[in-house]
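Spelled out from the first residue to the last, the chains are:
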Amino acid sequence: MKDQMLLALLKALPRKTVSRWMGRFARTSASRRLIPYYIRRFDVDLSEVEKPTAQYPTLLDFFVRGLKEGARPVDPDPSIITSPVDGTVSQKGKIDNGTLLQAKGITYRLEDLLGRDQEKAARYNGGHFITLYLSPRDYHRIHTPIQGKVIGLTYIPGTLFPVNALGVQRIKGIFARNERLITYLETDAGRVAVVKVGATNVGSIRVTYDPGIGTNRPRKKQVVKRDYPNEKTLGKGEEMGRFEFGSTVILLFESNRIEWVDHLNAGTTVRMGEPIAHYST
């Protein structure tokens, strides 16, 4: 009953407006007073943070904090695909009949996740996916899982439901309903899609290779697609973007391209730079 009441409240709230307000406040100097509370509430590990907390002028600056050099070593093996984020494996598996597993007994359509783009959905059908959830305590920068050229981007406006356990288990198709910012990489392991999913209180999702792009814009209701003819190569482990308050990343791989590393299951905690899959070079 409590979960049902909470879901009803979340559905009634103007989630995008509240998230924009949260984003604006987190950029103000007044918000820095919440940093000590945030650290205690979410048990943030300060031993790896790149500078003292007193040097962060806003809550947002602390949230998108960098880490000390060497805190996230990236596996150097060229045949290894690494985790793009710190997070927890929510689901992983094969994309069967154009569907992905959201939670036990709940699936959603690949085509919906990719903005109803049939051509792109066909490319990944029969391939593999992994869903990585970032909790509030996690490091929230997103890094490249495998060296590749950025060939395209799709921004898909949507709602902003929470992507915690309650949201994922109770809201069908949540990842295909929330805002998404998708990066397409041309790599030695085929074309890889890095799907960054927004959530409640995510002020924006940003990418390093196109600073003009950001999510959760007022009155922005149209899908945006961009191609990059002068492709920018991102090295494995190079920063690709960031969540300005956290969410989920979904990686999509083409058929017969990768194999998962052992002991990578739902509930497994991973760090950016750690192996999650390998491919034949």
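- For the protein, an unreviewed UniProt entry supplies the name Phosphatidylserine decarboxylase proenzyme and the organism Salinithrix halophila.
- UniProt lists a comment for the protein under the heading Sequence similarities (unreviewed entry), and it reads "Belongs to the phosphatidylserine decarboxylase family. PSD-B subfamily. Prokaryotic type I sub-subfamily."
- For the record of the protein, the UniProt heading Catalytic activity (unreviewed entry) holds the text "a 1,2-diacyl-sn-glycero-3-phospho-L-serine + H(+) = a 1,2-diacyl-sn-glycero-3-phosphoethanolamine + CO2".

### Observations concerning the overall build of the protein
In step 1: Within the protein one finds eight helices and 16 strands.
In step 2: Split into buried and exposed, the 281 residues of the protein put 54% on the buried side.
In step 3: Partitioning the contacts of the protein with sequence separation of at least 6, the portion at a separation of at least 24 is 75%.
In step 4: Counting every atom, the protein has about 13,400 Å² of accessible surface; 48% of that belongs to carbon and sulfur.

### Overview of the pattern of salt bridges
In step 1: With the rule as written, the count across this model stands at 16 salt bridges.
In step 2: Two residues, Arg109 and Asp112, come together in a salt bridge whose shortest N-O distance is 2.9 Å.
In step 3: When its relative accessible area of 41% is taken as the criterion, Arg109 is described as partly exposed.
In step 4: One salt bridge in this structure joins Arg116 and Asp112, with 3.9 Å as the shortest N-O distance.

### Regarding helix α3 (residues 35-42)
In step 1: Those residues of α3 not exposed but buried are Ile35, Tyr38 and Ile39. Taken end-on, α3 shows its buried residues confined to a sector of 100 degrees, consistent with a single buried face.
In step 2: Along its buried surface, α3 packs onto α4 (59-63).
In step 3: Asp43 lies just past α3 and shows a positive phi near 55 degrees.

### Some thoughts on the confidence of the model for the protein
In step 1: Of the residues in the protein, 88% have a pLDDT of 70 or more, and the chain-wide mean is 87.
In step 2: At the level of individual helices and strands, the protein shows its lowest average pLDDT in helix α1 (residues 2-12), which scores 47, and its highest in strand β1 (residues 80-82), which scores 98.
In step 3: A low-confidence stretch, residues 5-15 stays under pLDDT 50, and its non-local contacts, those more than four residues away or across chains, total 11 contacts.

### Some points on the environment of Ser83
In step 1: Following the sequence through the fold, Ser83 ends up in the loop between β1 and β2 (87-94).
In step 2: A relative accessible area of 0% means that Ser83 is categorised as buried.
In step 3: For the pair Ser83 and Arg271, spaced 188 residues apart in the sequence, the C-alpha separation amounts to 6.5 Å.
In step 4: Apart from the residues within four sequence positions on either side, Ser83 is in contact with Leu132, Val270, Arg271, Met272, Gly273, Glu274 and Ile276.
In step 5: One polar contact links the side chain of Ser83 to the main-chain carbonyl oxygen of Val85, over a distance of 2.6 Å.

### Remarks on the packing of aromatic side chains
In step 1: Using the criterion set out here, one finds seven aromatic pairs in the structure.
In step 2: Between the aromatic rings of Tyr38 and Phe63, the centroid separation amounts to 6.1 Å while the plane-to-plane angle is 85 degrees, which identifies the pairing as edge-to-face. Note that Tyr38 is positioned in helix α3 and Phe63 in helix α4, a separation of 25 residues in sequence.
In step 3: The buried category is assigned to Tyr38, whose relative accessible area is 7%.

How each quantity is defined
- Residues numbered from 1 in each chain as written.
- Predicted model: local features only at pLDDT ≥ 70, side-chain atom pairs only at ≥ 80, totals over all residues.
- Heavy atoms only, no water.
- UniProt positions renumbered as here; feature names shortened; annotations may be inferred.
- Helix = DSSP H or I, 4+ residues; strand = E, 2+ residues; numbered from the N terminus.
- Buried < 20%, exposed > 50% of the residue type's maximum accessible area, 1.4 Å probe, protein only.
- Contact = heavy atoms within 4.5 Å.
- Areas by Shrake-Rupley, 256 points an atom, 1.4 Å probe, with all protein chains shown as cover.
- Salt bridge = Lys/Arg side-chain N within 4 Å of Asp/Glu carboxyl O.
- Arc of directions from axis to C-beta.
- pLDDT = per-residue confidence, 0-100.
- Polar contact = N/O pair within 3.5 Å; in protein donor to acceptor, adjacent residues only side chain to side chain.
- Phe/Tyr/Trp six-rings, centres within 6.5 Å; stacked < 30°, edge-to-face > 60°.

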